[in-house]
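# Structure at a glance
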Amino acid sequence: MLKLVPYPGVKVENLPGNCILPRKAGICTGPFSNNSIAAFSERCGIENNGPVFLTLRYNKKLPEEGYMLEITEKGITVEASCEQGVIWVLTTVANLLDDGKLPCCRIEDAPKYSHRGISLDCARHFFPAKEVKRIINTMSLAKLNVLHWHLSDDQGWRIESRKFPRLQEMSREYFTQDEIRDVVQYAALRGVEIIPEIDLPGHTSGILAAYPEYSCSGREVNLAACGGIYPVILCAGKEKTFQFLKELLAEITELFPGPRFHIGGDEAPKSEWKKCPHCQARMHELDITSYEDLQADFSRRVNDILKSLGKQAICWNETLRADTPPEDIQIQYWTLQYRDTMERFANNGGKWIYSDMFELYLDYPHSMTSLKKLYNTNPHLGRRSVTDQDGMIGLEGCLWTEHINDPERLENLLFPRAFALGEICWGGTRNYEEFLTRLDAQLVSPLYQDIRITEKNWWDPKGSARRKEAISYFSAINSGMSEDVREQTVESAAPNREFSQSFMNKFFKPSDMPFLLATMFKK
């Protein structure tokens, strides 16, 4: 079996012999641009000159991102229907390369899902562009094709705005527009779409610290010092809020040429709206009485702005709580709190992304979400499998950084779990022991020597060490918040019984309960 992660999902045929990849290998790109071979040339140290050794051919019959590959002792032939397919087949070649040699083989391959993502939070704690590019390069080697880049929250705003410069002046650490363009271009050469997220209307202290006039009260707002849910959010009733967002989004979307833009919609407390005359007037105008419907109106108006800018909006699944949620949006499912509304959306043919927090939140340590647990993820809503449901476009692992402030810890949490995510998104063999064998063989490649990967003995923690880390992490989440922030977070999140039971059952074992309770009630 070839040492590939993710493993090809259609057909693999081993051929006798090996192919020696020359340092100077002529590449016939055919109808494809040189951009499609840029990452491959860099990864393998190939100079594109000399006799043709690698030939790219267009094959319109192949699915998008799919490819056919033939490696013989005489050279390499590739067929694809688009540039993405070329990037992925050459990623396969790069991963097969071992000390200058390639095993002769024929592969036909295509991904199961079109959305294969990692969400990276650079708002709670800032990570520089160099680190973001390291992550993009490594995730693309696992054929993950989406970086969902969380760039604003209560702890900071991370995008240079020339129209509204107080945003970055208040937050201090941010990406310049040139840095963002560079990251976007770097990602595109590796087959990765960047989806920026500006969370609206909640998680907006980073905006309101700079421009408090767009809240309901207009009072001073401070940047958050820790994680949690904060009550002051953007006003849904002031017309100037939407004029501000129209100008801001027009500037920001120019930096991101991809088709999609994430506008959050999660964890938006309504306490300020309930006291706001502007919000009350808007509700009267719309003839609505539900604050969830007011948020739906807010999201609908932002969606209209994005559509005018040529973007498809994505929202977290709380957005569906309204009686009339906004139309023409994609949904990212993370919490079963509102599973009934999510099921209704999915059953009605909506497009959505699976990011169940109990399986795919990567900020939780390996002791709570082990490599094996993630690898065995079976997308579901309630007890019903949705693995093959038409509307589910893919999976995304999310990494929130409230408790992560250094690059080494960041990479340890992402890797190797991102490789397991890549395999289940691509549609590999789903044999865990076999996966481990292939992963071990692949990670010795020079392509992975600079990335910080969790030690193998901690991929699937067991025993008292597992329990100790899991309970310690759970305790740290709670102790990191002040009492008032903790209270308003619990009140806003309002975890129901199903959620609370799932949290305990999916992150802990029955034998953990005495230790967990002792920690929770410790004075």
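What comes next is a walk through the structure. Fair warning: this is a prediction, and the values are worked out from it, not measured in the lab.

## Quick word on the nonpolar core
In terms of nonpolar packing, the biggest core is built from 124 residues, with Leu 147, Trp 149 and Trp 352 touching the most fellow members. If near-sequence neighbours (up to four positions away) are discounted, Trp 149 is found in contact with Leu 120, Cys 122, Val 132, Phe 175, Ile 180, Val 183, Ile 194, Ile 195, Pro 196, Glu 197 and Phe 256. In this structure, Cys 19, Ile 37, Leu 54 and Tyr 67 belong to the second largest nonpolar core, which totals 35 residues.

## Re the packing of aromatic side chains
With the rule as written, the count across this model stands at 28 aromatic pairs. With 6.2 Å between their ring centres and 90° between their planes, Tyr 333 and Trp 352 make a pair best called edge-to-face. Residue Tyr 333 is located in strand β14 (residues 330–333), and its partner Trp 352 is located in strand β15 (residues 352–354); the two are separated by 19 residues in the primary sequence. The residues Tyr 333 and Trp 352 share a single accessibility class, namely buried. The structure contains a cluster of three or more aromatic residues connected by ring pairs, namely Phe 358, Tyr 364, Tyr 473, Phe 474, Phe 499, Phe 503, Phe 507 and Phe 508. When the ring centre of Phe 242 is taken as origin, the NZ or CZ atom of Arg 301, which lies over that ring, is 4.0 Å away.

## Here we look at the packing of helix α7 (residues 239–253) against helix α10 (residues 291–308)
Interaxial distance between α7 and α10 falls to 10 Å at its minimum, and their mutual angle equals 40°. Helix-helix and strand crossings are classified by hand; for α7 and α10 the assignment is right-handed. Two secondary-structure elements touch here, α7 through Glu 239, Thr 241, Phe 242, Leu 245, Lys 246, Leu 249 and Thr 253 and α10 through Phe 298, Arg 301, Val 302, Ile 305 and Leu 306. Counted by class, the contact of α7 with α10 contains seven nonpolar, two polar and three charged residues.

Reading the values: rules and limits
Residues numbered from 1 in each chain as written. Predicted model: local features only at pLDDT ≥ 70, side-chain atom pairs only at ≥ 80, totals over all residues. Heavy atoms only, no water. Core = buried A, V, L, I, M, F, W, Y, C linked by side-chain atoms within 4.5 Å. Buried < 20%, exposed > 50% of the residue type's maximum accessible area, 1.4 Å probe, protein only. Contact = heavy atoms within 4.5 Å. Phe/Tyr/Trp six-rings, centres within 6.5 Å; stacked < 30°, edge-to-face > 60°. Helix = DSSP H or I, 4+ residues; strand = E, 2+ residues; numbered from the N terminus. Lys NZ or Arg CZ within 6 Å of the ring centre and 35° of its normal. Axes fitted to C-alpha atoms, helices over the stretch in contact; angles between N-to-C directions. Left-handed = near helix turned anticlockwise from the far one by under 90°. Nonpolar A, V, L, I, M, F, W, Y, C, P; charged D, E, K, R; others polar.

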